[in-house]
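In case you want the letters, here they are:
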Amino acid sequence: MKAKTVLGTAAVGVGLGTLLLPVAALADTTVSPATTPVGGTVVLTSTCNPKAGDAIFHVTGPNRDENVRSTTAAAGGGLSAELFTAGFTLGTYTVTTTCGDGSAGGTAQFTVTPIGGAPAGAGGKGPDTGVLVAGGTLAAGAVAGGTYVLLRRRRRASVVA
């Protein structure tokens, strides 16, 4: 394989990893608790920057398709809102967050159970870790490719000398 091809592949991997990792690291939405009985309250929290404007939590599930706007600063930073689950149908709901600047704020899920059902969980987190894994894989591939090219060049240089 030519060195230019390997370097080009490594550069693309580094570029994609650089783009994906910061976005994934910043975009984070949590729901606590992850399981709540009908009529319970869940706290939706996002790492959206409050200075960028309100966060919109879009809740979808068996009988919901609604937006919850938040201007409340969360204790650890970001924005949060409380959602009362009275009138919710039993099942799993997905929360997708859009930050005030229009960027994606991540997703999370929670489950509504019957009253007296399963105990409340510690909190749910969305499947955004896939983006982190993809970015990390691309970055690792780029580093491995670059290392391979450097070692190969050194070996050739020592053979010529």
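A few points on the structure. (Residues numbered from 1 in each chain as written. Predicted model: local features only at pLDDT ≥ 70, side-chain atom pairs only at ≥ 80, totals over all residues. Heavy atoms only, no water.)

A few points about the packing of aromatic side chains
By the definition in use, this model includes 3 aromatic pairs. Ring geometry for F88 and F110: centres 6.4 Å apart, planes at 45 degrees, overall tilted. Placement of the pair is F88 in the loop between strand 7 (79-84) and strand 8 (91-98) and F110 in strand 9 (residues 104-113), with a sequence separation of 22 residues. Judged by relative accessible area, F88 falls into the buried class, the value being 6%. By relative accessible area, which is 1% here, F110 ends up buried. Between the aromatic rings of Y93 and F110, the centroid separation amounts to 5.5 Å while the plane-to-plane angle is 15 degrees, which identifies the pairing as stacked. Taken together, the positions of Y93 in strand 8 and F110 in strand 9 put the pair 17 residues apart, joining distant regions of the chain. The same class applies to Y93 and to F110, which are both buried. Three or more aromatic residues joined by ring pairs make a cluster, and in this case those are F88, Y93 and F110. (Phe/Tyr/Trp six-rings, centres within 6.5 Å; stacked < 30°, edge-to-face > 60°. Helix = DSSP H or I, 4+ residues; strand = E, 2+ residues; numbered from the N terminus. Buried < 20%, exposed > 50% of the residue type's maximum accessible area, 1.4 Å probe, protein only.)

Regarding the pairing of strand 3 (residues 41-46)
Judged by which residues are buried, strand 3 turns out to be one-sided: V42, L44 and S46 face inward and are buried, whereas T41, V43 and T45, on the alternate face, are not. Judged from the 4 bridges that link them, strand 1 (residues 29-32) and strand 3 form a sheet pairing that is antiparallel. Residue pairing for strand 3: T30 is matched across the bridge by T45. (Pairing = 2+ DSSP bridges.)

Description of the nonpolar core
L44, V59, L83 and F110 are the most contacted members of the largest nonpolar core, which has 18 residues in total. Of all elements in the fold, only strand 3, strand 4 (55-61), strand 7, strand 8 and strand 9 reach the threshold of two or more residues within this core. For F110, the residues in contact, after removing those within four places along its chain, are V31, P33, A34, V42, V59, L83, T85, F88, G91, T92, Y93 and V95. (Core = buried A, V, L, I, M, F, W, Y, C linked by side-chain atoms within 4.5 Å. Contact = heavy atoms within 4.5 Å.)

Some thoughts on the pairing of strand 5 (residues 64-70)
Bridging between strand 4 and strand 5 involves 7 bridges; their strand directions are antiparallel. Pairing of T60 across the sheet is with D65, part of strand 5. The loop that links strand 4 with its antiparallel partner strand 5 comprises 2 residues.

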